[in-house]
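An overview of the molecular structure
The primary structure of each chain is shown beneath.
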Amino acid sequence: MYYMIHGIDVENSLEARLAARPAHLARLEQLRDEGRLLLAGPLPAIDSPDPGPAGFSGSLVVAEFDSLEAARKWADADPYIEAGVYREARVFPFKRVLP
């Protein structure tokens, strides 16, 4: 089943986010390579694809996991959690309808 992971950034997270980004992306690339990643990306803090110094308010990941517990464990191990980028990561079951 798919699960939606919504990582919510702390204020002024851009510097920590950039430092932890390679490790964060490596985990997403592993999901992609396993065929389990539906989509992933950051949420700009302003209405712009390149928010510059405004940074990001969080991230969205939709991926396949064996269970809600497995998705939560994966989310809790995100490098953005350890680096203090996310203040929390919320996980919800996700039912893909379209496309």
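Described below are features of the structure shown in this document. Please read these numbers as outputs of a predicted model, since none were measured by experiment. (Residues numbered from 1 in each chain as written. Predicted model: local features only at pLDDT ≥ 70, side-chain atom pairs only at ≥ 80, totals over all residues. Heavy atoms only, no water.)

The next point concerns the overall build of the chain. Tallying secondary structure elements over the chain gives 3 helices and 4 strands in all. Helices and strands appear in the chain in the N-to-C order β-α-β-β-α-α-β. Radius of gyration (C-alpha) of the chain: 13 Å, near the 13 Å computed for a compact globule of 99 residues. Here the chain holds 99 residues, and the buried ones make up 30% of them. Contacts in the chain between residues far apart in sequence, at least 24 positions, make up 74% of those at least 6 positions apart. For the chain, the accessible surface area stands at approximately 6200 Å², while carbon and sulfur atoms represent 54% of it. Between the averaged position of the 11 positive side-chain charges in the chain and that of its 15 negative side-chain charges there is a distance of 6 Å. (Helix = DSSP H or I, 4+ residues; strand = E, 2+ residues; numbered from the N terminus. Rg over C-alpha atoms; globule rule 2.2 N^0.38 Å. Buried < 20%, exposed > 50% of the residue type's maximum accessible area, 1.4 Å probe, protein only. Contact = heavy atoms within 4.5 Å. Areas by Shrake-Rupley, 256 points an atom, 1.4 Å probe, with all protein chains shown as cover. Lys, Arg positive; Asp, Glu negative; His and termini not counted. Charge placed at Lys NZ, Arg CZ, Asp CG, Glu CD.)

Moving on, we get to the side chain of S59. Its place among the elements puts S59 in strand β3 (residues 56-64). A polar contact is formed between the side chain of S59 and the side chain of Y86, at a distance of 3.0 Å. Apart from the residues within four sequence positions on either side, S59 is in contact with I5, H6, G7, R17, G41, P42, L43, Y80 and Y86. (Polar contact = N/O pair within 3.5 Å; in protein donor to acceptor, adjacent residues only side chain to side chain.)

Of all hydrophobic cores here, the largest spans 16 residues; its most connected members are I5, F65, W74 and V91. For this core, the secondary structure elements donating two or more residues are β1 (2-9), α1 (14-33), β3, α2 (68-76) and β4 (86-94). (Core = buried A, V, L, I, M, F, W, Y, C linked by side-chain atoms within 4.5 Å.)

A complete count under the given rule lists 7 salt bridges for this structure. Notably, a salt bridge pairs D9 with R17, separated by 2.9 Å at the nearest N-O pair. Each member of the pair, D9 as well as R17, is classed as buried. Across the pair R36 and E34 runs a salt bridge whose closest N-O atoms are separated by 2.6 Å. A relative accessible area of 24% places R36 in the partly exposed class. (Salt bridge = Lys/Arg side-chain N within 4 Å of Asp/Glu carboxyl O.)

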